[in-house]
Every structure is written in structure tokens, then in C-alpha cells.
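# Summary of the model geometry
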Amino acid sequence: MPQLTALSISIAVLGAVWSYLALGPLSGFVLVWAGFIAWGCFFHSGGDNKALVKTIAGNAYGAFVAWIAFLILRYVPMSALGAIWPAIVVGVTVFFLVIVASVDALSVVPATVYGYAALVAYSLHQPSAPGAEGQMGTGPLQNLTSASFANPLVLLIVSLVIGAVFGYASSQLSKALAKPDAVAA
């Protein structure tokens, strides 16, 4: 079968498996959308063994840096500065997403950005009460130091790692399904 068809079937089947797991038995322990972000990141990073390492390292590092930003904002409040303080914290922390790109495992800058963005989006989009969007200490932000899946860092890293592994698995399955001459091409 042609490589594109094999890849399409592989991603469709494993995408259904991932969705079932994330929305069923693993619900509360993984986020289906975060897994798909890492899955896509794996393919745009090269779709091979090195891409798996770079996706996992980059996504996890990006999520970790975003988590540090939230810790700073929560424990070093500067309410007198209004929106300037979060802007400064974001500016400083995203600097560290790019400056590490000389390290091979962190050389895919989009992977670090995806990890950062995923943690921020999840953390700010889950208010505990109407009108509490983005307020420190509400929703997932109240669990920044929890040693549980309520902590956005734990939840996102687990989701991103599993998503990257599913990306790798879909790549391997597509190679097995494709014609030998189509894989070599």
C-alpha cells in the first residue's frame, strides 16, 4: 500500500485508540488534545527516533518553563504593575525557550513553544468560577505545587509524552503497512 495511505490508516486507528483511552479509562490523567499536539510535533520534527526524543524533551521543557512562569506570577505578585508584570514574566521565560536551542534535545523550538502554550492554555482556560479566567489561584492554577494529576505540569507532561509515543507508534505501524518499495522511496 502507498506510504500516505498506510500513514493515514495508522494515524486513524491509533488516533481512535488514543481518543478512547484519553476520554475513557485515562480520563483525568491525560488530555486528548495535548496528546495530539505532541503527535503532530513528532512528525514535524522528523518522524524518527531523534524526533521522538526532541518532541518529548522540547514539549516537557516548554511546559516546565510555563509552570515556572505561573509560580513566579503566583508567589511574586506585582498587582501594582497590572498587565505589565505578566508580560515581563512571559518575555523572560520565553527567552529561555529559544536560548536552549543549541542543546540537541531542545533544538526544535516549536516543540518547546507547544509545551509552553499547552500548559498556559490549559491553566488559563479552566476557571473554577465564572469570571475567574486567568486569576491566580483558581482552577488548575491552585494546584501548581500538587504532587498529583491536578497539577497542570504533571497532567500536561504525561499527556504530551504519551502523545509523542503514539506519534512514534503510528510512524512504525505505517512503515509495516506500506509496500517495502514505498518505504524506501
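Now for a look at the structure at hand. Keep in mind it's a predicted model, so treat the numbers as computed, not measured.

## Topic: helix H6 (residues 152–177)
The terminal C-alpha atoms of H6 lie 37 Å apart, and with 26 residues this matches the ideal 38 Å at 1.5 Å per residue to within 8%. At the N-terminal end of H6, a side-chain oxygen is found 2.9 Å from the backbone nitrogen of Leu153, two or three residues along, and the residue is Asn151.

## What about the packing of aromatic side chains?
Here the structure, examined in full by the defined rule, presents 8 aromatic pairs. Centre to centre, the rings of Trp18 and Phe166 are 5.5 Å apart; their planes meet at 50°, and the pair counts as tilted. Here Phe166 lies in helix H6 and Trp18 lies in helix H1 (residues 3–23), a separation of 148 residues in the sequence. The same class applies to Trp18 and to Phe166, which are both buried. In this structure an aromatic cluster arises from ring pairing among Trp18, Phe36, Trp39 and Phe166.

## Observations regarding the pattern of salt bridges
A side chain of one charge can pair with a side chain of the opposite charge when the charged atoms of the two come close. Applying the stated rule across the entire model yields 1 salt bridge. Note that Lys54 is salt-bridged to Asp104, the shortest N-O span being 3.4 Å. Separated by 50 residues along the polypeptide, Lys54 in helix H3 (residues 49–75) and Asp104 in the loop between helix H4 (84–99) and helix H5 (109–125) bring together distant segments of the chain.

## Re the packing of helix H2 (residues 32–44) against H6
H6 packs onto H2 with a crossing angle of 45° between their chain directions and a minimal axis gap of 7 Å. Relative to H6, the element H2 lies oblique. Every pair of crossing elements has a handedness; the one defined by H2 and H6 is right-handed. The residues of H6 that touch H2, namely those facing Trp33, Ala34, Gly35, Ala38, Trp39, Phe42 and Phe43, are Leu156, Ser159, Leu160, Gly163, Ala164, Phe166, Gly167, Tyr168, Ser170 and Ser171. Its residues assigned to classes, the contact of H2 with H6 shows 11 nonpolar, 6 polar and no charged.

Cut-off values and rules
- Residues numbered from 1 in each chain as written.
- Predicted model: local features only at pLDDT ≥ 70, side-chain atom pairs only at ≥ 80, totals over all residues.
- Heavy atoms only, no water.
- Helix = DSSP H or I, 4+ residues; strand = E, 2+ residues; numbered from the N terminus.
- Expected span 1.5 Å × (residues − 1).
- Polar contact = N/O pair within 3.5 Å; in protein donor to acceptor, adjacent residues only side chain to side chain.
- Phe/Tyr/Trp six-rings, centres within 6.5 Å; stacked < 30°, edge-to-face > 60°.
- Buried < 20%, exposed > 50% of the residue type's maximum accessible area, 1.4 Å probe, protein only.
- Salt bridge = Lys/Arg side-chain N within 4 Å of Asp/Glu carboxyl O.
- Axes fitted to C-alpha atoms, helices over the stretch in contact; angles between N-to-C directions.
- Parallel < 35°, antiparallel > 145°, perpendicular 65-115°, else oblique.
- Left-handed = near helix turned anticlockwise from the far one by under 90°.
- Contact = heavy atoms within 4.5 Å.
- Nonpolar A, V, L, I, M, F, W, Y, C, P; charged D, E, K, R; others polar.

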